[in-house]
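# Analysis of the macromolecular model
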Amino acid sequence: MLRDLFSKKKRPEKIPSEKAKQEVPEGLMSKCPGCKKISYIKELRKNDMVCEHCGYHHRLSAGERLYCTVDEGTFTEMDAQLIAEDPLGFPEYKEKSAKDREKTNLNEAIVTGRAEIEGVPVVIGVMDAGFRMGSMGAVVGEKIRRAADTAVNERRPLLLFAASGGARMQEGVISLMQMGKTSAALRRLHEEGLLFISIMTHPTTGGVSASFASLGDVNLAEPGALIGFAGRRIIEQTVREKLPDDFQTAEFLMDHGQLDRVVHRHDLKSQIGTILAVHARGEEE
Amino acid sequence: MADHLPFEKPVIELREKIKELRSFTEDKDIDLSGEIEKLESRLAQLEEDIYGNMKPWDRVQLARHTERPTTQDYIQLLITDFLELHGDRLYGDDAAIIGGIGFFEGNPVTVIGHQRGRDTKENLRRNFGMPHPEGYRKALRLMKQADKFKRPIVCFIDTKGAYPGKAAEERGQSEAIARNLIEMAGLRVPVLCIVIGEGGSGGALALGIGDRLYMLENSTYSVISPEGAAALLWKDSGEAQRAAETMKITAPDLEKLGILDGVIPEVRGGAHRDVQQQADAIREVLRRELKELSSKDPEVLVSERAEKFNQIGSYADVTDANTEE
Ligand SMILES: [Zn+2]
């Protein structure tokens, strides 16, 4: 049975590939949440899914993110074979996970692997908010732990792109403990003097924001990304005060000293390249 | 607030009835001792049934009980010469977390815990035990201090969660919690964590990266409150009772999930029925665990603590499934 569900042809694509860019049929239109203007998806894709009118950064799948981040042909995936179990016997969890595997062509909410960025070998993890809202359960926690350990063993920098609604409710307290697991793994990286770059993309909230995503040596974010611990509605109910429009955006966090830089998607790869280059010096000697 | 919870009502009513019959016997000089004896054995049975079969929601109510002992109560009964230390040195002093130094059975310790209030006035001062970033940063400062002076750390966990507020977000609630997680993972002294009431999500975990994790029998530990889960799952926070069961948040549930080092039994009817006796049960655990942990090398402590978290969470490996045939 398992074999049928996860036969070779349904395994995730070894990304990045041109195919990831063409998943949505060409000619389809999209209304921009930022400026309400209509764009061709095809045109949007050419622009890394950034609205050419207002600069709105549309969400990227893990495959799309890798495509516009790593050097072509350098990505090899790790641990793609890990899939979630159902520790609580939670209603409909198995069915919903199976549906998301089908929908996203991924086995879980994060893709990890080895790659090069501007010629520098790295370990990279990219979350996909299309899979269970990018939530962190046991598999996401374990894949990040293994990615950090690989970075330690091979003395590579680690990059994690967060895109997550937080801990995965369906795995209960097990998902909460993944915050501890990922943080402990990052501590080993830190002890070894290795670089960790955290890139927060839309959205980075809850237990992901309150664990690995906030622990970068350098914390970057994409413009307009929602980043925060508690949900806006819960805060409004609790404090009964009006929150500013830009509350919990990347720009808001930048203003409050919580980020190193807010970086436009078009500049992200080259700025990551610069950060890697600055830190690579010590490793060569 | 009544001194009993809804699920205890039958026991309380029967106790009242027995009391009535007793005074009736004395006043009217009628012998009802046979009747009383019968009711007393029924009471014993009823107590067994009710306290021996507590539903998750019963435990949630006990964990939130106004009279439930807090961090301060246990510090008072377990720690001698306790001196509270204040402030994060960055912004302020958050009364929702208290911490300080003292002696446990003659040995120096640092004790840190969430602190809620007993009445409305104290709850307002302590923000209902829901910390801001400065609370977590104070806790971290005291942990680093303990690390420097090689004192073990005891953390009492008792919070609905980190405070969801505008100022908390502005000052970096996420970063404050995350920082505690990574720093606690590296502490070179024993860290013993005990959930004494509610363990609400990341706000609880921020004091929870330890070498050992215990829970009082009627405490809870969860990724989201039963009300919050019910609102998400069934669009109805009134379904909290059902969510408390689905989410597996009680001490016995967590023990089954393999996350705990032990459950500390509670006094029948809850810790508030006899605080001294409850403190004694905690004392036993502190004595045993601190002795064992203090004998370990710092490197061993740190690596075993990380390994403890590495083990949490099961997953299927699809390659195994494919090659097994
Ligand atoms: Zn636009």
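Just so it is clear, the structure is predicted and the values come from calculations on it, not from any experiment. (Residues numbered from 1 in each chain as written. Chains lettered and ligands numbered in written order. Predicted model: local features only at pLDDT ≥ 70, side-chain atom pairs only at ≥ 80, totals over all residues. Heavy atoms only, no water.)

What follows is about the overall build of chain A. Across its full length, chain A holds eleven helices and eleven strands. By the burial criterion, 58% of the 285 residues in chain A qualify as buried. In chain A, 70% of the contacts between residues at least 6 apart in sequence involve partners at least 24 apart. Split by element, the accessible area of chain A, about 12300 Å² in all, is 48% carbon and sulfur. (Helix = DSSP H or I, 4+ residues; strand = E, 2+ residues; numbered from the N terminus. Buried < 20%, exposed > 50% of the residue type's maximum accessible area, 1.4 Å probe, protein only. Contact = heavy atoms within 4.5 Å. Areas by Shrake-Rupley, 256 points an atom, 1.4 Å probe, with all protein chains shown as cover.)

Residue and element names in this part refer to chain A. Looking at the zinc ion, the protein donor atoms are Cys 32 (SG), Cys 35 (SG), Cys 51 (SG) and Cys 54 (SG), and they sit 2.3 to 2.4 Å from it. Sequence positions of the residues that donate to the zinc ion give the spacing C-x2-C-x15-C-x2-C. Here Cys 54 lies in the loop between α3 (41-46) and α4 (62-67) and Cys 32 lies in the loop between β1 (29-31) and β2 (38-40), a separation of 22 residues in the sequence. Cys 32 gets classed as buried once you look at its relative accessible area, which sits at 3%. With relative accessibility at 39%, the residue Cys 54 sits in the partly exposed group. (Donors = N, O, S within 2.8 Å, 3.2 Å for Na, K, Ca; no water.)

Residues and elements named next belong to chain B. All chains considered together, the criterion is met by 50 salt bridges over all chains. In this structure, Glu 183 engages Lys 144 in a salt bridge whose closest nitrogen and oxygen atoms are separated by 2.7 Å. Of this pair, Glu 183 sits in helix α8 (residues 173-185) while Lys 144 sits in helix α6 (residues 133-148), and the two are 39 residues apart along the sequence. Across the pair Lys 160 and Glu 198 runs a salt bridge, and its minimum N-O distance is 3.0 Å. Residue Lys 160 is found in the loop between β4 (153-159) and α7 (166-170), and its partner Glu 198 is found in strand β5 (residues 191-200); the two are separated by 38 residues along the sequence. Classification of Lys 160 by relative accessible area gives partly exposed; the value is 45%. (Salt bridge = Lys/Arg side-chain N within 4 Å of Asp/Glu carboxyl O.)

Residue and element names in this part refer to chain A. What the domain assignment lists for chain A is domain 1 (26-58) and domain 2 (59-284). In this complex, domain 1 contributes seven residues to the contact, which on the side of domain 2 involves nine residues. Carbon and sulfur atoms make up 49% of the area that domain 1 and domain 2 hide from each other, which totals about 770 Å². Sorting the residues of domain 1 by area buried against domain 2 places Asp 48, His 57 and His 58 first, and these three jointly supply 66% of that buried surface. Between Glu 64 and Arg 45 there is a salt bridge whose closest N-O contact spans 2.4 Å. Our count for the domain 1 to domain 2 interface comes out at six residue pairs in polar contact (both at pLDDT 80 or more). Partitioned by chemical class, the residues of the side of domain 1 that touches domain 2 number two nonpolar, three polar and two charged. (Domains from an automatic or database assignment. Buried area = accessible area lost by both parts, 1.4 Å probe. Polar contact = N/O pair within 3.5 Å; in protein donor to acceptor, adjacent residues only side chain to side chain. Nonpolar A, V, L, I, M, F, W, Y, C, P; charged D, E, K, R; others polar.)

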